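Topology and contacts: notes
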Amino acid sequence: MSTPGSGVGHGRANTGGKRFISGVVEGFYGRPWTMEQRTELFKREQKWGLNTYLYAPKDDYKHRMYWRDLYSAEEAEQLIALISAAKQHDVEFIYAISPGLDITFSNPKEAAALMRKLDQVRQFGCRSFSLLFDDIETEMCAADKKAFSSFAYAQVAITNAVYQHLGDPETFLFCPTDYCPKVVSHKISVESIEEVSSVLRRPPVIWDNIHANDYDPQRLFLGPFKDRPTELIAKLRGVLTNPNCEFYPNFVAIHTLATWCKATADGRQRDVEMDDEEQDPCYSPQKALTLALTDWLKEFMSTDQPGGHCRPPARLKKEVSEEEPMQTDMGEGSYIPGPGENPLYTAEPLTLEDLKLLSELFYLPYEHGPTARTMLQELDWLKNHSWAAAAETDKTAEWRSRAQQFDGLCEAVVQMFNRLSNAPNRSILYDLYNYICDIKSGVGLARAYVKTLGGQARPAAQLLNTDPEPWGFRGGLSGEFQRMLPCHGNRDLFRHPLMTSVYSIRMFCPEDKMEVQRIFREMQSAGEGKVPMMMQPPLICDGLSAGEIPPSPQCALVLEDEMGVCGYALALTDAKPAAARIQRAVSDSVFQDFPSLVTIQVLPRVADPSPAKRMIGRLLSSIKSSGSRGVFCEVRHSDRRMLDLYPKLGFFKPITMAGLPQDIIAMGTSL
């Protein structure tokens, strides 16, 4: 886990003024940034008004695991160059060391080794330091327990000794093991900082993990710095962001932090156009985000950015005016398609709207962006109202309209992916590529699912295939473990998680007869109750389910999931012969209003009623097209599961039918 996530650094800066510390922590787990990337960071900080860089990469062995070891000549040369580059761009370089994994606090040799290491770094030109004791065990060794009354006392003792040894460091930051209730804070209030300050007797420095992603390899955070009121600036010694592991996508995190830090730099509140959800009169996260994305777009389109992985865009389309004639000279050897041949692929240029969409799909740890929320809400609604797509109801037009809008949102994601893939600056693209491939795939599955619900296409192979390709399931072993745990999904940002099962409805075929009979027998046994089934009066529909009476043409459907057939819906457009077959007397008035008979059955593993609702909707539509004016069904009193299911389908209501056996209930619906 990243270190002091929205935690506190107990800062002591010996500069004359009250300079507000603002900038970046490289404090994540994973591959550290390159020297070239860090130099580029210093340029950005200087340009945007930030002033600090805290060097604390967890996977620099000599920062943490092998903290006692001095840097080699080659390593020293790199650090000297880095510290010099920071100074050239007016950025304060703070060297952090994290000895807490194995230090013995009570051993003077350990303190000497720590001071020797910091002396070496001081020789490199560094004048600011940080001592970190985060992410370590709180149990002291036996020797330290004898020497110190508490773990806090042990840390304070060695920290004070180091501070005194360094003499007069420009900045000295200290982080204890217990630094904050949450590693990644959703919000930071003025009241919480005032409370911390009263305990520390000095304003703290925030090490903010709001954009850190080293705890989840499938998440990236491209939303704005937010939920930290600008009132905090007067209460703090500084704010440092510990952002995404990937360097180039941090443009937004750092840019918006810089905007936040400048919100009250002139000492006066500025008038800012506010969104309804924004309460800060000095800072608008959405405006800050737009500014950042506008600047980031320029980097995307540039071919001369650092990183060495840039290329010209692939034949970008552009507007051609009358004053600027189209260029037709494509150079010697350029291919020109002939008549009837495929045209050359022409890439669309990346737009600001694409980057806004990208940000909203990869927003912040505790919230999705507006477009992402809309897509989840629409998919949830379309799934739960899928019955409206199968039969003409008062919601059918709405369902189709919303399905079309959802498809448009999915198409926007695909087009964003295509334009990002052709952006000239490949360095940024390569940091984003795994994430945008993943979201494009997930959106594609959702898109295919909705089209299947609407009857526009057969279920996509990746939705129902019993032997799927590896991209059809996510998360590897970690995902398998999470899906087996009872709490999986209970902290999803979308509070109504979509079900993971996908169902297909198709026409009944002769090969399904045995599966339908199996489900019928299985459900008969489950609903038998105290009276054996053979001693109970038969239902008119039993002959249908048992395969003794064939269903009417186009009036038989089966429901399938990834395990196979899991339900069916069968109908007779004329129920009189079936009633006569079991010698059931049904009045002509009933058959006049409800001439047709239906039966539906689903296995208990189909916990969601939506698939059954959609299936019965399609069946009723077929019966209506045959000219029938109504249908009825029969259910036993003892079959509580089906008694609960039929009302949830939204079509059937109890009807009066003379001569019914005592244990049977009849329900019907007009068509």
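Our subject is the structure listed above.
In this report, the structure presented in the accompanying data block is examined.

Thresholds, definitions, all that
Residues numbered from 1 in each chain as written. Predicted model: local features only at pLDDT ≥ 70, side-chain atom pairs only at ≥ 80, totals over all residues. Heavy atoms only, no water. Helix = DSSP H or I, 4+ residues; strand = E, 2+ residues; numbered from the N terminus. Buried < 20%, exposed > 50% of the residue type's maximum accessible area, 1.4 Å probe, protein only. Contact = heavy atoms within 4.5 Å. Salt bridge = Lys/Arg side-chain N within 4 Å of Asp/Glu carboxyl O. Pairing = 2+ DSSP bridges. Axes fitted to C-alpha atoms, helices over the stretch in contact; angles between N-to-C directions. Phe/Tyr/Trp six-rings, centres within 6.5 Å; stacked < 30°, edge-to-face > 60°. Lys NZ or Arg CZ within 6 Å of the ring centre and 35° of its normal.

Let's shift gears to the side chain of Ser596. Along the chain, the position of Ser596 falls in strand 13 (residues 596–602). Judged by its relative accessible area of 0%, Ser596 is buried. In contact with Ser596, other than residues within four places in its own chain, are Leu572, Thr573, Ala575, Ile623, Ser628, Gly630, Val631 and Phe632.

In this structure the tally under the stated criterion is 30 salt bridges. A salt bridge links Arg122 to Asp119, with the shortest nitrogen-to-oxygen separation between them at 2.8 Å. Of this pair, Arg122 and Asp119 are both found in helix 3 (residues 108–123), three residues apart, which corresponds to roughly one turn of the helix. Classification of Asp119 as partly exposed rests on a relative accessible area of 22%. Among the salt bridges present, the one from Arg518 reaches Glu522, with a minimum N-O distance of 3.2 Å. In this pair, Arg518 and Glu522 are both assigned in helix 16 (residues 513–526), four residues apart and thus about one turn of the helix distant. What makes Arg518 partly exposed here is its relative accessible area of 30%. Using a relative accessible area of 37% as the deciding quantity, one classes Glu522 as partly exposed.

What the seven strands build is an open sheet, ordered 10-11-12-13-14-16-15; its pairing is mixed. Here the strands that pair on one side only, and so sit at the sheet edges, are strand 10 (504–507) and strand 15 (653–654). Docked against the sheet, helix 20 (residues 610–625) engages strand 10, strand 11 (556–561), strand 12 (564–572), strand 13, strand 14 (630–636) and strand 16 (664–670), running at close to 160° with respect to strand 13.

The next subject is the packing of aromatic side chains. Within a pair of aromatic rings, the relevant descriptors are the distance that separates the centres and the angle that separates the planes. For the coordinates displayed, the defined rule picks out 25 aromatic pairs. Here Tyr55 and Phe93 contribute two aromatic rings whose centre-to-centre distance is 6.0 Å and whose plane-to-plane angle is 25°, an arrangement assigned as stacked. A residue pair is termed long-range when its members are at least 10 positions apart, and Tyr55 in strand 4 (residues 52–55) and Phe93 in strand 5 (residues 92–97) qualify at 38 residues. A single burial state applies to Tyr55 and to Phe93, both of which are buried. Pairing Tyr71 with Tyr95 gives two aromatic rings, centres 6.3 Å apart and planes at 85°, and the pair type is edge-to-face. Of this pair, Tyr71 sits in the loop between strand 4 and helix 2 (73–88) while Tyr95 sits in strand 5, and the two are 24 residues apart along the sequence. When sorted by exposure, Tyr71 lands in the same class as Tyr95, which is buried. Taken together, the aromatic side chains of Phe42, Tyr53, Tyr55, Tyr71, Phe93, Tyr95 and Phe124 make up a single cluster linked through ring pairs. The positively charged end of Arg402 is found above the aromatic ring belonging to Trp381, 3.9 Å away from the centroid.

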